[in-house]
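Chain by chain, the residues run as shown.
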Amino acid sequence: MAPEKELVQLIGFWGSPYVLSVRWALKLKGIEYEYHEENLLKKSPLLLQYNPVYKKVPVLLHNGKPLVESLMIIQYIDETWKQNPLQPQDPYERAKTLFWAKFAHEKCIAPMVSSFFKIGEEQEKCVKEACEHLRTLESALEEGKRFFGGETIGFVDIAAAWMGCWARIIEEILSVKLIDEEKMPRLIAWFSNVVEVPALKECMPPTQNLLEHNIKFRKFLVAAAERLQSVPLTGN
Amino acid sequence: MPSDEQLLLLDFWVSPFSTRVKIALAEKGLSYEIQEEDLLGGKSDLLFKSNPLYAKVPVLLHNGKPVVESTNIVHYIDETWPSPQLLPACSYGRSRARFWADFIDKKVFDAGSNIWRSKGDELEAAKNDFIDILKKLEGAMGVKDYFGGDEFGFVDVILIGLTTWFYAYEKYGGFKIEKECPKFAAWINRCKERDSVAKNYIDPQKAYEFVGLLREMHGVE
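Since this is a predicted model, take the numbers as computed values, not measurements.

Quick word on the UniProt feature "domain: GST C-terminal" (unreviewed entry) in chain A
Okay, so step 1: UniProt records the feature "domain: GST C-terminal" (unreviewed entry) for residues 90–217 of chain A in the present numbering.
Okay, so step 2: Taken end to end, residues 90–217 of chain A is 71% helix and 0% strand, and its first and last C-alpha atoms sit 43 Å apart.

A few points about the sheet that holds strand E2 (residues 34–37) of chain A
Residue and element names in this part refer to chain A.
Okay, so step 1: Taken in spatial order, the four strands make up an open sheet running E2-E1-E3-E4, and their pairing is mixed. Lying at the two open borders of the sheet, with one neighbouring strand each, are E2 and strand E4 (65–68). Averaged over all pairs of adjacent strands, the angle between strand axes in this sheet comes to 20°, irrespective of strand direction.
Okay, so step 2: Sheet analysis places strand E1 (residues 8–12) next to E2, joined by four bridges and oriented parallel. Looking at the pairing, Leu-10 lines up with Tyr-35 of E2.

Quick word on the UniProt feature "domain: GST N-terminal" (unreviewed entry) in chain B
Okay, so step 1: The UniProt feature table records "domain: GST N-terminal" (unreviewed entry) at residues 5–85 of chain B.
Okay, so step 2: The distance separating the terminal C-alpha atoms of residues 5–85 of chain B is 20 Å; by composition the span is 36% helix and 21% strand.

What to know about the packing of helix H3 (residues 70–80) of chain A against helix H4 (residues 91–117) of chain B
Okay, so step 1: Running from N to C, H3(A) and H4(B) point in directions that differ by 160°, and their axes come no closer than 10 Å. By the angle class used here, H3(A) and H4(B) are roughly antiparallel. Read as a crossing pair, H3(A) and H4(B) show a hand that is right-handed. Here A:Met72, A:Gln75, A:Tyr76, A:Glu79 and A:Thr80 of H3(A) lie close against H4(B), whose contacting residues are B:Ser91, B:Tyr92, B:Arg94, B:Ser95, B:Arg98, B:Phe99 and B:Asp102.

Observations regarding the domain arrangement of chain A
All names here are of chain A.
Okay, so step 1: Assigned domains within chain A: domain 1 (8–80) and domain 2 (91–210).
Okay, so step 2: The straight-line distance from the C-alpha centre of domain 1 to that of domain 2 is 21 Å.
Okay, so step 3: Counting residues at the interface gives 16 residues for domain 1, matched by 23 residues for domain 2.
Okay, so step 4: Taken together, the two surfaces of domain 1 and domain 2 that pack against each other cover about 1,700 Å², and 81% of this comes from carbon and sulfur.
Okay, so step 5: Broken down residue by residue, the surface that domain 1 buries against domain 2 is led by Trp-14, Trp-24 and Leu-71, which jointly contribute 38%.
Okay, so step 6: Here domain 1 is connected to domain 2 by one salt bridge.
Okay, so step 7: For Lys-27, the salt bridge goes to Glu-202, with nearest N and O atoms at 2.7 Å.
Okay, so step 8: Taken together, the connections running from domain 1 to domain 2 amount to two residue pairs in polar contact (both at pLDDT 80 or more).
Okay, so step 9: Mapped onto the side of domain 1 that touches domain 2, the elements with two or more residues apiece are helix H1 (17–29) and H3.
Okay, so step 10: Of the residues in the side of domain 1 that touches domain 2, the class split is nine nonpolar, five polar and two charged.

Remarks on the state of the cysteines
Two cysteines joined by a covalent bond between their sulfur atoms form a disulfide.
Residues and elements named next belong to chain A.
Okay, so step 1: Within the structure shown, the criterion is met by zero disulfides over all chains.
Okay, so step 2: With no disulfide of its own, Cys-108 lies closest to Cys-131 among cysteine sulfurs, the gap being 9.9 Å.
Okay, so step 3: Judged by its relative accessible area of 0%, Cys-108 is buried.

As for a nonpolar patch on the surface
Residues and elements named next belong to chain B.
Okay, so step 1: A contiguous nonpolar patch, built from Leu-40, Leu-213 and Met-217 and spanning about 280 Å² of accessible area, is present on the exposed surface.
Okay, so step 2: Along the polypeptide, Leu-213 turns up in helix H11 (residues 204–217).
Okay, so step 3: Relative accessible area serves as the criterion here: at 37%, Leu-213 is assigned to the partly exposed category.

Observations concerning the nonpolar core
Okay, so step 1: Residues A:Met163, A:Trp190, B:Leu137 and B:Phe184 are the most contacted members of the largest nonpolar core, which totals 155 residues.
Okay, so step 2: The biggest single contributor to this core is helix H4 (residues 91–116) of chain A, with twelve residues.
Okay, so step 3: The two domains that each donate at least three residues to this core are domain 1 (8–80) and domain 2 (91–210) of chain A.
Okay, so step 4: Aside from chain neighbours lying at most four places away, what touches B:Leu137 is B:Trp100, B:Phe103, B:Ile104, B:Val108, B:Phe147, B:Leu159 and B:Phe184.

A short note on helix H10 (residues 207–228) of chain A
Residue and element names in this part refer to chain A.
Okay, so step 1: The end-to-end C-alpha separation of H10 is 31 Å, in line with the 32 Å expected for 22 residues at 1.5 Å each.
Okay, so step 2: Looking only at H10, the buried set comprises Leu-210, Leu-211, Asn-214, Arg-218, Leu-221, Ala-224 and Ala-225. For H10, the arc enclosing every buried residue in end-on projection is 150°, short of the 170-degree limit, so these residues lie on one face. Those residues of H10 that are exposed and aimed more than 90 degrees away from the buried face are Lys-216, Lys-219, Glu-226 and Arg-227.

Rules used throughout
- Throughout this description, residue numbers start from 1 for each chain and increase along the sequence as written.
- Chains and ligands are labelled by the order in which they are written, letters from A for the one and numbers from 1 for the other.
- The predicted origin of the model limits local features to residues at a pLDDT of at least 70 and limits the giving and counting of side-chain atom pairs to 80 or more, whereas totals for whole chains, interfaces and linings rest on all residues.
- Think of the side-chain values as coming from all heavy atoms in the structure, minus any hydrogens and water.
- UniProt positions are given in the numbering used here, feature names are shortened, and annotations may be inferred rather than shown by experiment.
- Secondary structure elements are taken from DSSP: a helix is a run of H or I of four residues or more, a strand is a run of E of two residues or more, and numbering for both begins at the N terminus.
- In this analysis, strands are considered paired if DSSP registers two or more bridges between them.
- Note on geometry: axes are lines fitted to C-alpha atoms, helical ones only across the stretch in contact, with angles between N-to-C directions running from 0 to 180 degrees.
- Under this scheme an angle from 65 to 115 degrees is roughly perpendicular, one under 35 degrees roughly parallel, and one over 145 degrees roughly antiparallel; angles in between are oblique.
- Note on convention: near helix rotated counterclockwise from far helix by under a right angle means a left-handed crossing. Clockwise means right-handed.
- In this description, contact between two residues means that some pair of their heavy atoms is separated by no more than 4.5 Å.
- Where each domain begins and ends is defined by an automated method or by a domain database.
- Buried surface area refers to the total accessible area, computed with a probe of radius 1.4 Å, that the two partners give up upon joining, counted for both partners together.
- Here, a salt bridge means any Lys or Arg side-chain nitrogen found within 4 Å of an Asp or Glu carboxyl oxygen.
- Pairing of N or O atoms within 3.5 Å defines a polar contact, subject to two protein rules: one partner must be a possible hydrogen donor and the other a possible acceptor, and residues neighboring in sequence count only if both atoms are side-chain atoms.
- Ten residues, namely Ala, Val, Leu, Ile, Met, Phe, Trp, Tyr, Cys and Pro, are considered nonpolar, four, namely Asp, Glu, Lys and Arg, are considered charged, and the remaining ones, Gly among them, are considered polar.
- Any two cysteine sulfur atoms lying within 2.5 Å of each other are counted as a disulfide.
- Relative accessible area decides the class of each residue, using a 1.4 Å probe on protein chains only: under 20% of the type maximum gives buried, over 50% gives exposed, and in between gives partly exposed.
- Nonpolar side chains (Val, Leu, Ile, Met, Phe, Trp, Tyr) within 5 Å and like charges within 9 Å form the patches, drawn only from residues with over 30% relative accessible area and no salt bridge.
- To measure how exposed things are, a 1.4 Å probe is used in the Shrake-Rupley method; for residues, cover is taken only from the protein chains shown.
- Among the buried residues, those of types Ala, Val, Leu, Ile, Met, Phe, Trp, Tyr and Cys that are joined through side-chain atoms within 4.5 Å form a nonpolar core.
- By this rule, a helix spans an expected 1.5 Å times one less than how many residues it contains.
- This arc is taken over the directions from the axis of the helix to the C-beta atoms.

Okay, structure coming up:
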């Protein structure tokens, strides 16, 4: 538990998986915090003040000091609150963990998210890229292990295992295939193992709400693309 | 360092990412061997084995165990040999340092590449984008001498290696960093006075010639 006079606040958006991963980290550490919901269509002065470089959620405020970028926020949480460590102690193992978390974010999640913002050939390219890297991630998972690092939930799980849920939503809305049941059995088991942990399941927004929200969002993006021929990319 | 510790760096002489790692190793007073990779000719089996996903340099092999991705390697070096410390002691300071290192990784090299890859209006836009990024970094440094504050630190190591290619960007972009971002230029010169940087700083003229070669390969001129 945080000592007295520690104030932890999270600026987030209910539908953001990056915010979810930070909430997971806070939950696993047993950290109490205040949550501020952000309207991403009309960003608050608070968000712009605390994340002037990227203007995105999540932003964690620890005693008023801002932390941004979900992977870095989770690292900070893990280093500041020592209970239930998320990263290995050994520097080499920690380097490997960081590598895979970044790989999952930059090579799997980023093209998956990109595909949602694109149409036609460009979308196909993103989907293909995501699938290729998901197969690599599949091979990085060890047979029989419950979580990425073993039997204890850790950094890579919190940082990335939510992608299973979002991949399914993208598949349904775009009518594409990202997760191959035959080629990615370990990934599928891993997604489920993490998301079914009771403490983490509690934090998940209802899938139906996510689906409805993203259907609307996709319609908005397609209309904007047709008008402007270019679409801004969001998400960190 | 104990005599049974072995460090091998898989390197490419003009890689600004390798330069980061060399500076970090020098800051820690660590001795290491170098295996030069011929990235344009043919990569070695060891490179493919140590970095199967990306087959890129730098790779640091510590007693045979590979660490890849230059920022990750610098981080690893700092944790394994903590003295002198590159990352700040407090977690908040570390988080800010990682943020700026991540910003640098996301923005600087790509923005620079956009300069030498473009012509005409695109080149003008690329140049302005690059200068904007340097100005943001100037803002991050504030009134201090280094990104690490009063002392040379993690973010300085991550960024200074990339500046070896800045002369090339200046030539192709038709601008001078000294004029556009004098504080940034002063920081570069300050860092170059350090032994660790001076001994490992790629000759900017040679980097410029190499970028010329890349331009030809990409059919820019």
